[in-house]
Amino acid sequence: SCSSSPDGTPQRDEHGRIIQVYTNDDIMSFSRAWTGFQAHKRRGNYENEESSTRHRNLLDPLYIEESWRDRFPKHDLTGGYIGDTYPLCVDMPGKAFLHKGAKYLLLGSNPLPELMVDHPDLQHGDLYLDIKRMVLDPSSNLYAELYNEGEYRAVVTLTENLYCAGNECDVDTVRVVQVATNPDIFYEYVPLPCVHQAFYEGGKQISRKDRDDEGVMCADPKLPAASAACGNQDIIASVKSAYQFHKYTSERVTYTTAEDRCASHSSTLPVIPLDDSVGDGKTDYGHCQGDCDFDSDCLGDLVCFKRSADEAVPGCDMSVEELPVIPLDDSVGNGKTDYGHCQGDCDRDSDCLGNLVCFERSADEAVPGCDMSVEELPVIPLDDSVGNEKTDYGHCQGDCDRDSDCLGNLVCFKRPGYEAVPGCDMSAGLGTYGWDYCVNPEQLGTTGWDYCVDPMYASGIFKFGTVSGADFELGYHWTSFNCSIQAKINNEGYVALAHETDNMNSIPPHLDAEQSLNYFKVYWDGDGAYPSPANGCGKCRLNINADACICPTKVKDEIVFTAQPASAEDIISSLYIGAIPPDIAGPSGTFISQPCDGFTVHFPQTSNGVYTRETIFELNHPYHGTKLFLKNTKSTVYLEGWEHATTILEAEDALPGGPSVPNLVLANETNRNRFSGAGYMHFEGAGQGYLEWIVSVPENIDATISFRYEDSWETTNVVDILVNDNVISPEGTKLGSTGNWDYWMDSESFLVPLNSGDNTIQLKYSDPWTGPRVDYLKIEWPTIPSSYSFRNAPHFMSLSQDYNDEGEGETTARDAYYETDAVLDHYHYHPNT
């Protein structure tokens, strides 16, 4: 088709060639907007029974099956995108469900929404007692609008901004609200149409019930995109059974709300002893009372914390009294059953007096609530003058062979080479290679002994794990892991999204850098150049199939107008991100309006009339007259590259060493299968074992290192990481339990300096008990800017998909209908129409 002038004649370019309205690429883009249409189920009593149509409904209009709809950006016919001029979802005002324009659809007595997906069990509140409804407070303005004195309307659209009341003030958004009982009456909330940006900064990782379930991905923390999962990361019971603390079943919250929800849950109630006095089979248990079976057995917002044995109960005092911090005491000896506070060596909880428990150690770990400090000695140089084979070595003297060679309470610090000797000054000399020196000991107690402690001494913050609850409660939940969005670019310059998370094995295929083929058109800046496999990818990396480049990205949202624009046409040609109308965004006075010739400028009151990125332009489109609100912002995606591609060095290729060498476990020797490479290395009873990698770099450079490991034991291992014989963290690096068998995760990462030439990186484990399984060492190199950039692209559909039609994700028919409307509007308002 050719582009037409107002008189109907074809438009031509500067060379006299007819300008095409659309190409095959445009047809492909729009065809993705027409996916997902499906016929309703056949009605009875009127349709013909011919075989070609017997299973089709020929009366009702088609509906959209949201899981079939393409979720990604789609370019239009005028150099932009479907979704241009729509506001961003992240710009929606807080509690948008109470703002002007919010729409509610009458569902009747069925609580399942029609334009979203919730778990089908939510319609059976009488069978599942733990279902929480969003029941509106009769005193709220929203309740008054929807209840309407019992005269329920099919569609209710708010005509003004409302104040919250009751539980409305505690939530970020709603899905389905209940306004009456006997009979139950429900309304579904339908927000105003909005779009997401394909790329954004500050992503947080979301996961499904199990951290290794497919679906681990990035989400924008400013959106109510997942639930709040809370627990104590240092307690294995929390890792295996974190709780979602929701105000209503299937609630979504922002990341900040999730943080606040977890903090408030752990701090609102006093710590009190467990109380068994109420007995079993009740439904009015208070704080720390039991034995409950369901959340609904508990009063108020309390939930039922399930235990299989004697696990610590969060927020409940399981000790008799707060005990003083005192030194460790080995005087009682081994094999006893009456150990007091900080005494040892106990073997089990029953060896301890009262409610004390046995804190088990494999070496010299710190004992909670016990004083392990001693009098400090001055830092002095190493002293080899005494010689070898003596028995009266003083502080920093050597070469001792055993603790009894040292004077007083000093102990013999063993070293195989030139390792740093604690408490001794080595600036004047490293001492003799392999010599051992007497040092002031930490009050570590006897190595391997276990001590009785106050079990409620330590606390932690939830990061990852498995979320407990019924299936209808278990959608996506927030984690504290950061994540990023990379660009996957093919030879045609089209882009696909690639989410980079800590658990790459569980990335869904549509966001996987190696699997995704969901390419969309982008508008490259400058001369239109872009990195591609054909030109070597620049500083980006080539994917495994060698058909795309993977590039890190940086998003910049920048101001467009710093002074009054010349005309409405100038605004239309420069701005493409929509804005929330001022009367919806906030109460009267939130914006100061300034009429201009052909448009109105709305300044946030706080800007004092200065043009900012939050300035809003209101105008009628010069061509077709549509009312528009545009944000004074442009969003650009800048590509970056790497000095070097991320390096994965397999553990089985490392040099193992130490008195107890880690074991090599090959793929055919284990039932574990989620590791990479040919196998992994296992510190199995490896006292003082290590793995060593040699890393060569052409010049001095800082790099980020981490280790992928698995440890399903209910303990936290501590390892030492050394770069060129320098310990990275003096306190050691914790490798917490990964929760379950064959669950692997990345350790804490460290930014370390590497020198030109060969560098050694060691992971040391000095514990006589079974330690972690190590998969690989990961080295991430610094990113560097490039000259490539493109306009950020909007899309209507959320990328968090549903699995098994159980309402986990945010891919909704509502957003698919909004996208369809946007396509039709684009056709209708196109200059050729």
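Residues numbered from 1 in each chain as written. Predicted model: local features only at pLDDT ≥ 70, side-chain atom pairs only at ≥ 80, totals over all residues. Heavy atoms only, no water.

Here we look at the overall build of the chain
What counts here: Only DSSP runs of H or I with at least four residues qualify as helices, and only runs of E with at least two residues qualify as strands; both kinds are numbered from the N terminus onward. Here the term buried applies to any residue with accessible area under 20% of the maximum for its type, exposed to any over 50%, and partly exposed to those in between, with areas from a 1.4 Å probe on protein chains only. Should any heavy atoms of two residues lie within 4.5 Å, those residues are considered in contact. Computed with the Shrake-Rupley method and a 1.4 Å probe, the accessible areas treat only the protein chains shown as cover for residues.
Along the chain, the regular secondary structure elements total seven helices and 48 strands. Classification of the 833 residues of the chain by burial places 48% in the buried group. Put simply, 70% of the contacts in the chain that link residues at least 6 apart link residues at least 24 apart. As presented, the chain carries roughly 39,600 Å² of accessible surface, and 49% of it is formed by carbon and sulfur atoms.

A look at the sheet that holds strand 25 (residues 495–500)
Convention followed: We call two strands paired when DSSP finds no fewer than two bridges between them.
The strand order across the open sheet formed by four strands is 25-24-27-26, and the pairing between neighbours is antiparallel. Every interior strand has two partners, whereas the edge strands, strand 25 and strand 26 (541–542), have only one. As defined by bridge partners, strand 24 (residues 484–489) adjoins strand 25 across six bridges and the pair is classed as antiparallel. Looking across to strand 25, one finds that Ile489 is bridged to Val495.

Let's talk about the sheet that holds strand 6 (residues 176–180)
Spatial strand order, 4-6-7-3-5: five strands in an open sheet with mixed pairing. Only two strands of the sheet have a single neighbouring strand rather than two, namely strand 4 (134–135) and strand 5 (155–157). Relative to strand 5, strand 3 (residues 103–108) runs antiparallel, the two sharing three bridges. Among the inter-strand pairings, Lys103 is bridged to a residue of strand 5, identified as Thr157.

Section: the pairing of strand 32 (residues 627–631)
In terms of residue burial, strand 32 counts as a mostly covered element, since four of its five residues are buried. The pairing of strand 31 (residues 616–620) with strand 32 spans five bridges and is classified as antiparallel. Counted as the bridge partner of Leu619 is Leu628 from strand 32. Turn length for the strand 31-strand 32 hairpin, with the two strands adjacent in sequence and antiparallel, is six residues, and the turn residue Gly625 shows positive phi of about 85°.

Structural notes on the side chain of Thr811
The line we're drawing: The definition of a polar contact used here is a pair of N or O atoms within 3.5 Å, where within protein one atom must be able to donate a hydrogen and the other to accept one, and adjacent residues in sequence count solely through side-chain atom pairs.
With respect to the secondary-structure elements, Thr811 resides in the loop between strand 48 (794–795) and helix 7 (813–829). On the basis of relative accessible area, Thr811 is assigned to the buried category, the value being 5%. A distance of 3.3 Å separates the side chain of Thr811 from the side chain of Arg71, its partner in a polar contact. Side-chain polar atoms of Thr811 contact the backbone oxygen of Ser800, separated by 3.1 Å. If we skip the residues at most four places from it in the chain, Thr811 touches Glu66, Arg71, Met797, Ser798, Ser800 and Gln801.

Examining the packing of aromatic side chains
Spelled out, the test is: Two aromatic rings from Phe, Tyr or Trp, using only the six-membered ring of Trp, form a pair when their centres are within 6.5 Å; if the ring planes differ by under 30 degrees the pair is stacked, by over 60 it is edge-to-face, and anything between is tilted.
Inspection of every chain in the model, using the stated rule, returns 22 aromatic pairs. With a centroid separation of 5.2 Å and an interplanar angle of 10°, the aromatic rings of Tyr143 and Tyr147 are classed as stacked. Taken as a pair, Tyr143 and Tyr147 lie in helix 2 (residues 141–147) at a separation of four residues, close to a single helical turn. A relative accessible area of 15% means that Tyr143 is categorised as buried. A residue is classified by how much of its surface remains accessible, and Tyr147, at 29% relative accessible area, is partly exposed.

With respect to the pattern of salt bridges
Put simply, the rule is: What counts as a salt bridge is simple: a side-chain nitrogen of Lys or Arg found within 4 Å of a carboxyl oxygen of Asp or Glu.
All told, the structure shown has 25 salt bridges when counted by the stated rule. One salt bridge connects Lys100 with Asp583, and the closest N-O pair in it is separated by 2.6 Å. Of this pair, Lys100 sits in the loop between strand 2 (63–64) and strand 3 while Asp583 is found in helix 6 (residues 582–585), placing the two residues 483 residues apart along the sequence. Here the residues in one salt-bridge network are Arg32, Arg69, Asp70, Lys74 and Glu819, joined through shared partners.

As for the state of the cysteines
Put simply, the test is: Whenever a pair of cysteine sulfur atoms sits within 2.5 Å, that pair is classed as a disulfide.
This model, assessed by the stated rule, comprises nine disulfides. The disulfide partner of Cys89 is Cys194, and the S-S distance across this bridge is 2.1 Å. Its torsion about the S-S bond being 95°, the disulfide of Cys89 and Cys194 is classed as right-handed. Taken together, the residues Cys89 in the loop between strand 2 and strand 3 and Cys194 in the loop between strand 7 (185–190) and strand 8 (196–197) connect sequence positions 105 residues apart. Cys194 carries the same exposure label as Cys89, and that label is buried.

Structural notes on a nonpolar patch on the surface
Definition in use: For patches, a residue must show more than 30% relative accessible area and have no salt bridge; joins then use 9 Å for like charges and 5 Å for nonpolar side chains, namely Val, Leu, Ile, Met, Phe, Trp and Tyr.
Where nonpolar side chains cluster on the molecular surface, the patch consists of Trp34, Leu824 and Tyr827 and spans about 260 Å² of accessible area. With respect to the helices and strands, Tyr827 occurs in helix 7. Given the relative accessible area of 32%, Tyr827 is considered partly exposed.

Description of unusual backbone geometry
Residue Gly290 is joined to Asp291 through a cis peptide bond whose omega torsion reads 25°. With respect to the helices, strands and loops of the structure, Asp291 is situated in the loop between strand 13 (272–273) and strand 14 (316–317). Here the amide bond leading from Gly398 into Asp399 is cis, since omega sits at 25°, within 30 degrees of zero. Within the secondary structure, Asp399 sits in the loop between strand 18 (380–381) and strand 19 (411–413). For Asn182, which is not glycine, the phi torsion reads 50° and is therefore positive. Of note in the backbone geometry, Ser250 takes a positive phi value of approximately 80° without being a glycine.

Side note on a negative patch on the surface
For clarity, the threshold we go by: Charged residues are defined here as Lys and Arg on the positive side and Asp and Glu on the negative side; His and the ends of the chain fall outside this count. The location of each charge is read from NZ of Lys, CZ of Arg, CG of Asp or CD of Glu.
On the surface, Asp276, Asp280, Asp291 and Asp293 cluster together into a patch of negative charge. Within the secondary structure layout, Asp293 lies in the loop between strand 13 and strand 14.

A word on the environment of Asp345
Its location among the elements puts Asp345 in the loop between strand 15 (326–327) and strand 16 (357–359). Taking C-alpha positions, Asp345 is 9.3 Å from Glu360, a pair spaced 15 residues apart along the chain.

Considerations on helix 1 (residues 24–31)
As a reminder, the rule being used: Relevant arc is that of directions from the helix axis to the C-beta atoms, nothing else.
Taken together, the buried positions of helix 1 are occupied by Asp26, Ser29 and Phe30. When helix 1 is viewed along its axis, its buried side chains cluster within an angular range of 95° and face the same direction. Opposite its buried face, helix 1 presents the exposed residues Asn24 and Met28, each directed more than 90 degrees away. Tucked inside the fold, the buried residues of helix 1 contact helix 7.

Quick look at the environment of Cys406
With respect to the helices and strands, Cys406 occurs in the loop between strand 18 and strand 19. A relative accessible area of 7% means that Cys406 is categorised as buried. Expressed as a C-alpha distance, the spacing of Cys406 and Gly394, which sit twelve residues apart in the sequence, is 6.2 Å.

Some details on the confidence of the model for the chain
Spelled out, the test is: Scored between 0 and 100, pLDDT is the confidence that the predictor attaches to each residue.
The share of residues in the chain with pLDDT of 70 or more is 85%, and the mean pLDDT across the chain is 84. Scored below 50 in pLDDT, residues 443–461 makes 88 contacts in the model with residues more than four places away or belonging to other chains.

Focus: the environment of Tyr147
Sequence separation between Tyr147 and Val179 is 32 residues, and the spatial gap between their C-alpha atoms is 6.2 Å. In contact with Tyr147, other than residues within four places in its own chain, are Tyr152 and Val179.

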